[in-house]
Each structure stands twice: as structure tokens, then as C-alpha cells.
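Fold and geometry: a report
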Amino acid sequence: MRRCFVCLADTLEPTDRSIAYEDGVRRRFPFACASCGVLFERGADEAACWDHLAAHLAGETFRLAPDAPYGLDLYTLRTAATRLARGIRALSEDDRAALLRPHSERAARGGLVDLAAMPKAQVSLGVLCRPDDLQSVLGGLPPHAAWTRDVAVLVDAPEAPPETSALAGFPPGAVRVAARPLAGDFAAQRNALQALARQTWMLQLDADEALSPATAGLLPALAALAKEGAAVSIGLPRRNVVDGVLSDVYPDVQYRLNHATVRFQGRVHERPDLGGDWRRSIIALHGSIDHRLSRAHVAARSIRYEALYPGRGRVEEAAALLRVYRP
């Protein structure tokens, strides 16, 4: 198995974690995914593991059986369920305690519900762009009126462009355009955009990124699901497509759906500042952010980032982005 059968990450590593089942059986697993936390045996078959898990995520409840070819706690089960557009609910206080303290030895069990049927939080959409990209960004907004009533576009410029006229599907004043120079600090720019949110949560995208309205439409339910689990940041897989070819840098999780109070850190390759507590974040697998790049941009990107923040530019990532996706 090269990639995780749940989240498709290539971050598989040895582990000594165990799972304790309801009947008292305890089972130790030799391997884990460092991204989503699922456990598996040596030589496990990726397709067979996913088929087994998916079948058991189709009902109203899930209980991890000792003979399953994998192991997982409720925190990882929550991530796995999102791949099928489903959410989980803790069945007891002990289960909820385990959800809040990943990765617990407690075998996963939980109630299951379709995300589309869950309560929804209010989510703003925020977009970062350059002046030349503004009209293209505005032209792509109308389909998102189905799930959000608040959009903020922050342009990398010293002055705000002319006032934006109403866009199809949005009420007057729902789409706002502001300006602020990036000045080589991506976290500061994201924080400025975050501060423009008028809803409880904000999804941030860049001008060269896209999220299908169908995928985005489930984000309000995911935000509510995260709140139930005391999480404030949600990561989405990102598909890096370089000159039309899917890059091997996948799932390249980007934590772009955040509670409005969350702020970012890092001049480049910025991430939400969760005070070092990764348990306040979750990964959702129901869809991906599509990131369009050119080979020329990839070649220049890491060099530029390294100049902005020496030692943090990830210059080695340029070669990885140019490798074709390998299952």
C-alpha cells in the first residue's frame, strides 16, 4: 500500500498504537497514516480495506469490529465518513471524550447521518487575488450564491477598485471588494481577509483555486459538525494541476475553512494558528480544491517564497509538484 486507503495520503509510517474493542479484545497494529490516523496491517489491500469501511459507513450506526482489516478511533472515523458525505455523532459521553482526545485506543463507534441533512453553520467566502484577476474572480462567484450570502474579495493593491455592482444570485451588498498590499506576508493578508467575514466561519480561496459549488455546499454542515467536536479549522484536499496534469503532491491538505476567530501564521506556506493543538482541526474528504498552476509558476514559486522567508520556502517542493500523480 503506497497511499492511505482513507485519505489517499502517502504518509504511511510504522506505529505501536492499539485499538481496544467493546468485547475487551485489544489489537496492536504495525502501520498508521500520519495524516488521518487510520491503522492497518502489513500487506493490507487498499481496495479491500476501503470497500469494507465504506460498506459499514452506509448504515445508521458504525461499530468497529475486531475482525476488520483496519483500526480507527472516532476522530479518524469522522474524517472517513466525510468521504461519503456523511457525518458522525458520538453515542455516549465516553465516545465524545475519545473524540476530543485523538488518537484514543477506544474502538470507533458512532451514529451516522448524511451531511446534507445536518444543521448548518453560516459561512462566508473569502478570495485573495491580484488586480488583474479581479474580474475573473467576480465572474466565478454566482454559482456560490446557493450556499453563502457573504463574499469578501481582497485585492493585492494599495487602493480599493470601483464599487462592485450586484452579482446574480446575491442580494445587494453581499459581495464586497477591499484592497490591501500583500507586502510579502501571506498570513497577514489572510488575516486581513479573515477579519472581513460577516459570518461565523470563512472559507478562503486564492484566485487560481476553485471549489465546485456542490463541494462547497456541504461546508456549512461540516462547520457545524466541527463545532460539535470542538474543532475550529477544517482542511480540504487540494489537487495541484500543473499544465493540465495532476501533480503527485496530493492530497496537499489546505486548512481553509476556519472559524472567524482563527488567525494564520507564517509569511509563506501559512497555516491556521491553533496554539499547537492539532486536535482543534479536522480533515474533510468530500471534495477537493482545484489549484491550477503552470510549470513556469512552479519553478518561480519556491524561489520567491524562500526569498520572502529564508529556510521556509520549501524549495524541494518544486520538483515534487512536477511529478505526475502516482496512486
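Preceding this section is the structure that the text describes.
Parameters and conventions
- Residues numbered from 1 in each chain as written.
- Predicted model: local features only at pLDDT ≥ 70, side-chain atom pairs only at ≥ 80, totals over all residues.
- Heavy atoms only, no water.
- Pairing = 2+ DSSP bridges.
- Helix = DSSP H or I, 4+ residues; strand = E, 2+ residues; numbered from the N terminus.
- Axes fitted to C-alpha atoms, helices over the stretch in contact; angles between N-to-C directions.
- Contact = heavy atoms within 4.5 Å.
- Buried < 20%, exposed > 50% of the residue type's maximum accessible area, 1.4 Å probe, protein only.
- Arc of directions from axis to C-beta.
- Polar contact = N/O pair within 3.5 Å; in protein donor to acceptor, adjacent residues only side chain to side chain.

1. Considerations on the sheet that holds strand 12 (residues 175-179)
Spatially, 12-11-10-13-18-15-21 is the arrangement adopted by the seven strands of the open sheet, whose pairing is mixed. Only two strands of the sheet have a single neighbouring strand rather than two, namely strand 12 and strand 21 (281-283). Taken pair by pair, the neighbouring strands of this sheet meet at an average axis angle of 25°, ignoring direction. Here five bridges tie strand 11 (residues 151-155) to strand 12, and the two strands are oriented parallel to one another. Along strand 12, the bridge assignment pairs Val153 with Val177. Lying on the sheet, helix 5 (residues 186-194) is in contact with strand 10 (123-129), strand 11, strand 13 (201-206) and strand 18 (254-259); it crosses strand 13 at an angle near 135°.

2. Focus on the sheet that holds strand 14 (residues 209-210)
Strand order in the open sheet formed by four strands is 14-22-16-17, with mixed pairing between adjacent strands. Here the strands that pair on one side only, and so sit at the sheet edges, are strand 14 and strand 17 (245-246). Taken together, the two bridges between strand 14 and strand 22 (residues 289-293) define a ladder with antiparallel strand orientation. Its bridge partner lying in strand 22, Glu209 is registered against His291.

3. Some words on helix 1 (residues 46-56)
A turn of α-helix holds 3.6 residues, and therefore any two residues three or four places apart point the same way. Of the residues making up helix 1, those classed as buried are Cys49, Trp50, Leu53 and Ala54. The buried residues of helix 1 occupy an angular sector of 125° when the element is viewed end-on, so they sit on one face. Facing away from the buried side of helix 1 by more than 90 degrees, the exposed set consists of Asp51 and Ala55. Where helix 1 is buried, its residues touch strand 6 (61-63), strand 7 (70-71) and helix 2 (74-82). The residue sitting at the N-terminus of helix 1 and contributing the capping side-chain oxygen is Asp45; that oxygen lies 3.3 Å from the backbone nitrogen of Ala47.

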